[in-house]
Structure formats: C-alpha cells, structure tokens
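Here are the chains, one letter per residue:
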Amino acid sequence: KLVTVQRNGHHHFEIAAIAVMGSPLSLETLNEQTFDLRPDTAESYVRDGDTFSDGSLRASFCEPFAIEVSSEGPDNNVWVVRRFRVEDTESNAFTASVSEVIDLVNRVRQQVLS
C-alpha cells in the first residue's frame, strides 16, 4: 500500500450501514466470511502531538472504507463504514462513494447469509 502522511488528515463524519444484524455466527466466523470483501485501503495522518522522542512525526492509520464486525450483547453485527472529510462532499465522486457503500452492504449480506 502506498501511504502518504497528511497533517490533521482526520475524517469529519462517516456513513455506517448495517449489513448483517443479530447474527448467531461468531465474530471469528463473520470476520473470515467477509475477509475477501474488505476494501484494501488505509490512510495515514498525523494528530497534533503525535511525535517520536526525536521530534519526527508519528503517523496514525485509519481505514476510510471498511467492514467492521462488532458484538452487541449476544448478537454479532457486520457494518460497512465509509469515512469522509467535509471537502469530500463537494466533489463529484461523493455520490459514487455512497453507491460503493450500498454495493458493499449487498455483497456482505449475500456472502454471510448464503
């Protein structure tokens, strides 16, 4: 993965869509079933104060487009999450990004529920 560091490159908001809710499958099984569908993206950014002892910048990483498996009590859920910066909403690609979320939700459902 090619990664570039942007100062204060954090995201301002996210769209989270539940793809599978209340699954009796284990977290491990859900992670395995969705592994091949996971977007291969990572972004690095630097938070204020994140430096090494020599003063050089220390990057943190986030996944702007991800599949997240979580546990809510006895049930397990699968989420599709897309994180954005405010300026992302001003680009022509914003609608396509939201469509990618919907498409991935459908593919996750098909993979897990079939």
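Computed from a predicted structure; not experimentally measured.

Colleague: When you look at the overall build of the protein chain in this model, what are you seeing that I'm missing?
Modeller: A count of helical and extended segments in the protein chain gives two helices and six strands. Starting at the N terminus, the α and β elements of the protein chain follow one another as β-β-α-β-β-β-β-α. Within the protein chain, the proportion of its 114 residues that are buried is 31%. By sequence separation, contacts in the protein chain at least 24 residues apart represent 66% of the contacts at least 6 residues apart. Summed over its atoms, the accessible surface of the protein chain is roughly 7,300 Å², and 51% of this surface lies on carbon and sulfur atoms.

Colleague: Is there a simple way to explain the sheet that holds strand β6 (residues 75-84) in this structure?
Modeller: Ordered in space as β2-β6-β5, the three strands form an open sheet in which the pairing is antiparallel. Looking along the sheet, the strands with just one partner apiece sit at the ends: β2 (13-23) and β5 (65-72). Each neighbouring strand pair of the sheet contributes to a mean axis angle of 25 degrees, computed without reference to strand direction. Both β2 and β6 contribute to a ladder of eight bridges, which runs antiparallel. Bridging from a neighbouring strand, I15 pairs with R82 of β6.

Colleague: Looking at this model, I keep getting lost on the nonpolar core. Mind explaining?
Modeller: A general tendency of soluble globular proteins is for nonpolar side chains to be buried together. Core analysis: the biggest nonpolar cluster contains 13 residues, and A19, V20, I67, V78, V80, L104 and V108 have the highest contact counts within it. Elements with a minimum of two residues in this core: β2, β5, β6 and α2 (94-113). Here the element with the most residues in this core is α2; it accounts for five residues. Those residues within four positions of L104 in sequence are excluded, and the remaining contacts are L37, P39, F65, I67 and V80.

Colleague: I'm lost on the pattern of salt bridges in this one. Help?
Modeller: Oppositely charged side chains are able to pair whenever their charged atoms sit close together. Taken as a whole and assessed by the stated rule, the structure comprises four salt bridges. For R83, the salt bridge identified is with E14, shortest N-O distance 3.2 Å. With R83 in strand β6 and E14 in strand β2, this residue pair connects regions lying 69 residues apart in the sequence. Taking the shortest distance from any N to any O, the salt bridge between D103 and R107 comes out at 3.2 Å. Note that D103 and R107 are positioned in helix α2 at a spacing of four residues, about one turn of the helix. Its relative accessible area of 40% is what places D103 among the partly exposed residues.

Colleague: When you look at the packing of aromatic side chains in this model, what are you seeing that I'm missing?
Modeller: The description of an aromatic ring pair uses the distance of the two centres, along with the angle that the planes make with each other. Taken as a whole and judged by the stated rule, the model has two aromatic pairs. When the centroid spacing of 5.3 Å and the interplanar angle of 20 degrees are considered together, the rings of F13 and F84 count as stacked. Of the two residues, F13 sits in strand β2 while F84 sits in strand β6, which places them 71 residues apart along the sequence. Judged by relative accessible area, F13 falls into the partly exposed class, the value being 30%. Overall, F84 belongs to the buried group, its relative accessible area being 2%. Taken together through their ring pairs, the aromatic side chains of F13, F84 and F94 make up a single cluster. R82 extends its terminal NZ or CZ atom over the ring of F65, reaching a point 5.0 Å from the ring centre.

The rules behind each value
Residues numbered from 1 in each chain as written. Predicted model: local features only at pLDDT ≥ 70, side-chain atom pairs only at ≥ 80, totals over all residues. Heavy atoms only, no water. Helix = DSSP H or I, 4+ residues; strand = E, 2+ residues; numbered from the N terminus. Buried < 20%, exposed > 50% of the residue type's maximum accessible area, 1.4 Å probe, protein only. Contact = heavy atoms within 4.5 Å. Areas by Shrake-Rupley, 256 points an atom, 1.4 Å probe, with all protein chains shown as cover. Pairing = 2+ DSSP bridges. Axes fitted to C-alpha atoms, helices over the stretch in contact; angles between N-to-C directions. Core = buried A, V, L, I, M, F, W, Y, C linked by side-chain atoms within 4.5 Å. Salt bridge = Lys/Arg side-chain N within 4 Å of Asp/Glu carboxyl O. Phe/Tyr/Trp six-rings, centres within 6.5 Å; stacked < 30°, edge-to-face > 60°. Lys NZ or Arg CZ within 6 Å of the ring centre and 35° of its normal.

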